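These are the residues of each chain, in order.
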Protein chains: 2
Amino acid sequence: MKGTAWILSIGNELLIGRVTNTNAAWLAKRLTYLGYAVRRIVAIPDEEVEIAEAFREAMAKADVVISTGGLGPTPDDVTNLAFARALGVEAVVNQVALESVREKYEAAGQPLTAERVKMAMMPPGATPLPNPVGTAPGVLYRLGDKLAVLLPGVPREMEAVFQQVESLLASRGPPVYFAEREMEVRGVPEADAAPAIREVMKMNPRLYVKSHPKGSEVGAPVLQIHIYASAFKREEAEELVEAAAAELLKILQRPR
Amino acid sequence: MKGTAWILSIGNELLIGRVTNTNAAWLAKRLTYLGYAVRRIVAIPDEEVEIAEAFREAMAKADVVISTGGLGPTPDDVTNLAFARALGVEAVVNQVALESVREKYEAAGQPLTAERVKMAMMPPGATPLPNPVGTAPGVLYRLGDKLAVLLPGVPREMEAVFQQVESLLASRGPPVYFAEREMEVRGVPEADAAPAIREVMKMNPRLYVKSHPKGSEVGAPVLQIHIYASAFKREEAEELVEAAAAELLKILQRPR
């Protein structure tokens, strides 16, 4: 095991039930696949003291802490300040982050207000993570052997910024081996393949299966199916992919 | 405010990202509507010591603690035992709960194994909550002024058991007033009304809007729309319902 992970999901919208926490499920799946044991997912209100307390507990108990939300320009976006508070330091303006925030607003013809400067604040020594699809940069911080990663809350921004730390997360601890296989399935519409893919993914949390429709001939759909697996031994990852491929074909050949 | 609430979501399936935590979003919405401030949603693995620790922290910090999951017959279903451990007592077999479990298995022609008897175990003094759609009873426990409610993890069982404590939760603390209004909308298909309803519900977390299609004449759909609101003053609840109704009509009359 590469270590333990906690996910902190920051936002009142989660605690009033307006939003279902799909970010946490996505991250939990990715972290499991990378070899981490996710031990807690905690949703926390947009309050600096509460968030700081949650970060302190998480940093004490987990090897890797990933947060989502609270990095934007509104007054209730306080995750970066709360994280600094948890570390017992003052957040400072990171010049690299400031430059990227400035550029984005300038391109939109908008001024750099104090609220927008706040998006570039982080604990001294933190590394900003570029946000290719939004304005708020993410934050990467190392505390001894531990890692904290602060991600934006908008799902596609969260995913895009997370991808930048995936190889770092993969490189921590014992090596994890990845295997993959691509196959083409003919005559099965994507809607019919979806439940089969879900069933196969249940075999093992280290399995990931994706399908891409290819060619649009009505009545003769072609699906490209990509199977990925991770394991702490190379053979295990390969066996997992083979077993998943066999199971998938078995399910798809069942009479429907 | 009626008090604070924590939601404990128990299950490894959440922590490996196999399942998105829709139960917590549903409960958070219901609790907010009833007048509670949900302060944490915590997902926890299926481990007795971890669950007990989470219950202890939640019972110390919140007025109401609601858990989901871990009440079934499999060996990793340990929520009831962990809850007793958190209270520092031994779980005992509750005779009322045992009777309901026995009846359900008997009706299915199945024996009452030790794993199934476990489903009737709870701290002494706890009240079993009948599960009309499954086998695992829920658990209600009072600790001084505080309440703990243990619910099954299967969504429809969770919802059905929760409904049995709703009036108890509504009766705690200061009174909450509820208002409602029904209206009929003609000529708008349910699929078109859905985004409008979502938009209106965003006005206030104390609002709840449901639609029921009525009459199936193609081209002339009739929708019955039910608007509910809660507030700490009667007039506020009523104003909220009226404002929601006005907003809904405004959105539905926009050219599409």
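Asks: Please clarify how the packing of helix 9 (residues 190–201) of chain A against helix 10 (residues 234–252) of chain A should be interpreted in this entry.
Replies: Residue and element names in this part refer to chain A. Look at helix 9 against helix 10: their axes get within 9 Å of each other, and the N-to-C directions meet at 145°. In this structure, the crossing between helix 9 and helix 10 has a hand that is right-handed. Here Ala193, Ala196, Glu199 and Val200 of helix 9 lie close against helix 10, whose contacting residues are Ala244, Glu247, Leu248, Ile251 and Leu252. Of the residues assigned to the contact of helix 9 with helix 10, the class counts are seven nonpolar, no polar and two charged.

Asks: Honestly, the environment of methionine 1 of chain B in this entry has me stumped. Any pointers?
Replies: Residues and elements named next belong to chain B. Checked against the element boundaries, methionine 1 lands in the segment before strand 1 (3–10). Along the chain, methionine 1 and valine 176 lie 175 residues apart, while their C-alpha atoms are 8.9 Å from each other. Other than its neighbours up to four places away in sequence, methionine 1 contacts Gly35 and Ala37.

Asks: Is there a simple way to think about the interface of chain A and chain B in this case?
Replies: How big an interface is tends to be reported as the loss of accessible area on association of its parts. Taken residue by residue, the interface counts 24 residues in chain A and 24 residues in chain B. If you list the elements that add at least two residues to the side of chain A that touches chain B, you get helix 1 (12–15), helix 2 (22–33) and strand 2 (36–44) of chain A. Looking at the side of chain A that touches chain B residue by residue, the classes come out as 14 nonpolar, five polar and five charged. Sheet analysis places strand 2 of chain A next to strand 2 (residues 36–44) of chain B, joined by three bridges and oriented antiparallel. Note on strand 2 of chain B: the bridge partner recorded for alanine 43 of chain A is isoleucine 41 of chain B.

Asks: Could you clarify how one ought to interpret the relation of the copies chain A and chain B in this entry?
Replies: Both copies of the chain are related through a single rotation about an axis accompanied by a shift along the same axis. Superposing chain A onto chain B takes a rotation of 180° combined with a translation of 0.0 Å along the rotation axis, leaving an RMSD of 0.0 Å. These values place the two chain copies in the arrangement generated by a two-fold rotation axis. The position closest to the rotation axis in chain A is occupied by the C-alpha of valine 42 of chain A, lying 2.2 Å away. Taken as a fraction of all interface residues of chain A, those also at the interface in chain B reach 100%, which identifies the copy contact as same-surface.

Asks: Explain the sheet that holds strand 11 (residues 222–231) of chain B to me, please; I cannot follow it from the model alone.
Replies: Note: strands within a sheet are paired through backbone hydrogen bonds, in either parallel or antiparallel orientation. Residues and elements named next belong to chain B. Across the sheet, three strands lie side by side as 9-11-10; this open sheet has antiparallel pairing. What marks the edges here is a single partner per strand, and that holds for strand 9 (177–186) and strand 10 (207–214). Neighbouring strand axes in the sheet, compared pairwise and without regard to direction, differ in orientation by 15° on average. Sheet topology note: the strand 10/strand 11 ladder contains eight bridges and is antiparallel. Paired with leucine 207 across the bridge in strand 11 is alanine 229. Strands in contact with helix 9 (residues 190–201) are strand 9, strand 10 and strand 11; relative to strand 10, the strand with the most contacts, it is inclined by about 170°.

Conventions used here
Each chain has its residues counted from 1, running along the sequence as written. Just so you know, chain letters begin at A and ligand numbers begin at 1, following the order they were written in. Under the rules for a predicted model, residues below a pLDDT of 70 receive no local features and side-chain atom pairs below 80 are neither given nor counted, while totals for whole chains, interfaces and linings still include all residues. Where helices are involved, their axes are fitted lines through C-alpha atoms of the stretch in contact, as for all axes, and angles between N-to-C directions lie from 0 to 180°. By the criteria applied, helices consist of DSSP H or I runs no shorter than four residues and strands consist of E runs no shorter than two, each listed in order from the N terminus. Here is the rule for handedness: rotate from the far helix to the near one, and if that takes an anticlockwise turn smaller than a right angle the crossing is left-handed, while a clockwise turn gives right-handed. For the purpose of contact definition, each residue receives a C-beta atom placed from its backbone, and two residues are in contact when these atoms lie within 7 Å. Gly is placed with the polar residues, together with every amino acid not listed as nonpolar (Ala, Val, Leu, Ile, Met, Phe, Trp, Tyr, Cys and Pro) or charged (Asp, Glu, Lys and Arg). Being paired, for any two strands, means DSSP has found at least two bridges between them. A least-squares superposition brings the copies together, and it is based on the C-alpha atoms of residues with pLDDT no lower than 70 in both.

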